[in-house]
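Descriptive analysis of the structure
Below, each chain spelled out in residue letters.
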Amino acid sequence: MTGPGGGPSPGSAGLQAERTELAWSRTSLGVVANAALLAVREIAVGGPGAATAPIALAVVIAVATIVVGRVRANALRRSPLPAHLAPTRAVPLIGWSVVALAVLSGGVLLL
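This is a predicted model, so every value here is computed, not measured.

**Details of the packing of helix 1 (residues 15-45) against helix 2 (residues 52-77)**
Taken N-terminus to C-terminus, the directions of helix 1 and helix 2 make an angle of 170°; their axes are 9 Å apart at the nearest point. Classified by the interaxial angle, the pair formed by helix 1 and helix 2 is roughly antiparallel. Looking at side-chain class alone, the contact of helix 1 with helix 2 contains 16 nonpolar, seven polar and five charged residues.

**Digging into helix 3 (residues 90-110)**
The terminal C-alpha atoms of helix 3 lie 30 Å apart, and with 21 residues this matches the ideal 30 Å at 1.5 Å per residue to within 8%. Among the residues of helix 3, Ile94, Ser97, Leu101, Ser105 and Val108 are the ones counted as buried. Each buried residue of helix 3 sits inside an arc of 75° when the element is viewed along its axis, so together they form one side. Pointing more than 90 degrees away from the buried face of helix 3 are the exposed residues Trp96, Val103 and Leu110. Considering only its buried residues, helix 3 is in contact with helix 1 and helix 2.

**What to know about helix 1**
For helix 1, spanning 31 residues, the distance from its first C-alpha to its last is 45 Å, which sits close to the expected 45 Å at 1.5 Å a residue. A positive backbone phi angle near 120° is found at Gly46, which sits one or two residues after helix 1.

**Side note on the pattern of salt bridges**
Applying the stated criterion to the full structure yields three salt bridges. Notably, a salt bridge pairs Arg77 with Glu21, separated by 2.7 Å at the nearest N-O pair. Of the two residues, Arg77 is situated in helix 2 and Glu21 in helix 1; the sequence distance between them amounts to 56 residues. Classification of Arg77 by relative accessible area gives partly exposed; the value is 45%. The closest approach of N and O atoms between Glu42 and Arg41, which form a salt bridge, is 3.7 Å. Judged by relative accessible area, Glu42 falls into the buried class, the value being 8%.

**Considerations on a nonpolar patch on the surface**
On the surface, Val59, Val63, Val67 and Val71 cluster together into a nonpolar patch covering about 330 Å² of accessible area. Considering the arrangement of structural elements, one finds Val59 in helix 2.

**A short note on the side chain of Ser105**
Along the chain, Ser105 falls in helix 3. If we ignore the near neighbours within four places in the chain, the residues touching Ser105 are Asn34 and Leu38.

**Remarks on the confidence of the model for the protein chain**
Summary statistics for the protein chain give a mean pLDDT of 83 and a share of 87% for residues scoring 70 or more. Taken element by element, the protein chain is modelled with least confidence in helix 1, mean pLDDT 89, and with most confidence in helix 3, mean pLDDT 91.

**Brief notes about the environment of Ala17**
Among the secondary structure elements, Ala17 is positioned in helix 1. For Ala17, a relative accessible area of 2% corresponds to the buried category. Sequence separation between Ala17 and Arg77 is 60 residues, and the spatial gap between their C-alpha atoms is 6.0 Å. Beyond its immediate stretch of four places on either side in the chain, Ala17 contacts Ala73, Leu76 and Arg77.

So, how was this worked out
Numbers given for residues are sequential positions, taken from 1 along each chain in its written order. Note on the predicted model: pLDDT of at least 70 is required for a residue's local features to be given, and 80 or more for side-chain atom pairs to be given and counted; whole-chain, interface and lining totals, by contrast, use all residues. Remark: hydrogens and water are excluded; side-chain values derive from all non-hydrogen atoms of the structure. All axes here are fitted lines through C-alpha atoms, helices being fitted over the stretch that makes contact, and every angle between N-to-C directions spans 0 to 180 degrees. Helix and strand assignments follow DSSP, with helices taken as H or I runs no shorter than four residues and strands as E runs no shorter than two, numbered in order from the N terminus. Should an angle fall under 35 degrees it is taken as roughly parallel, and over 145 as roughly antiparallel, whereas 65 to 115 is taken as roughly perpendicular and any remaining angle as oblique. We call Asp, Glu, Lys and Arg charged. Ala, Val, Leu, Ile, Met, Phe, Trp, Tyr, Cys and Pro are nonpolar, and the rest, Gly among them, are polar. Each helix should span, by expectation, one fewer than its residue count multiplied by 1.5 Å. Exposure is judged per residue with a 1.4 Å probe applied to protein chains only, and the accessible area is read against the type maximum: over 50% gives exposed, under 20% gives buried, and values in between give partly exposed. Comment: arc refers to directions from the helix axis out to C-beta atoms. Whether two residues are in contact is decided by their heavy atoms, any of which lying within 4.5 Å being enough. One side-chain nitrogen of Lys or Arg within 4 Å of one carboxyl oxygen of Asp or Glu is enough to make a salt bridge. Surface patches are drawn from residues lacking salt bridges whose relative accessible area is over 30%; two like charges belong together within 9 Å, two nonpolar side chains (Val, Leu, Ile, Met, Phe, Trp, Tyr) within 5 Å. The Shrake-Rupley method, run with a 1.4 Å probe sphere, supplies the accessible areas, and residue values consider only the shown protein chains as cover. Confidence of the prediction at every residue is given by pLDDT, a number between 0 and 100.

Following this line, the structure appears as structure tokens:
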């Protein structure tokens, strides 16, 4: 949002960091929900099985997502903003990890 004269509006200061942190939190919540659903399925089936690895992967991805989200949100809260705000290697790594988790979870559910 822009205010008068093309500058940032007074109410938008700091909102970018908050939106960033909320987006990473939503991603982490989705990954944790995936792990919980797979765990419930494992309990219903009768014990540890094919979903154990995807559950562990989901927990690792969720923790990594929380950590990366916090680091990126804290970088956006700094004043002045750092010169380098482009995504680091962690962002695509988490993205591809979520894709791999979705594929593994789909495979487990088809078993």
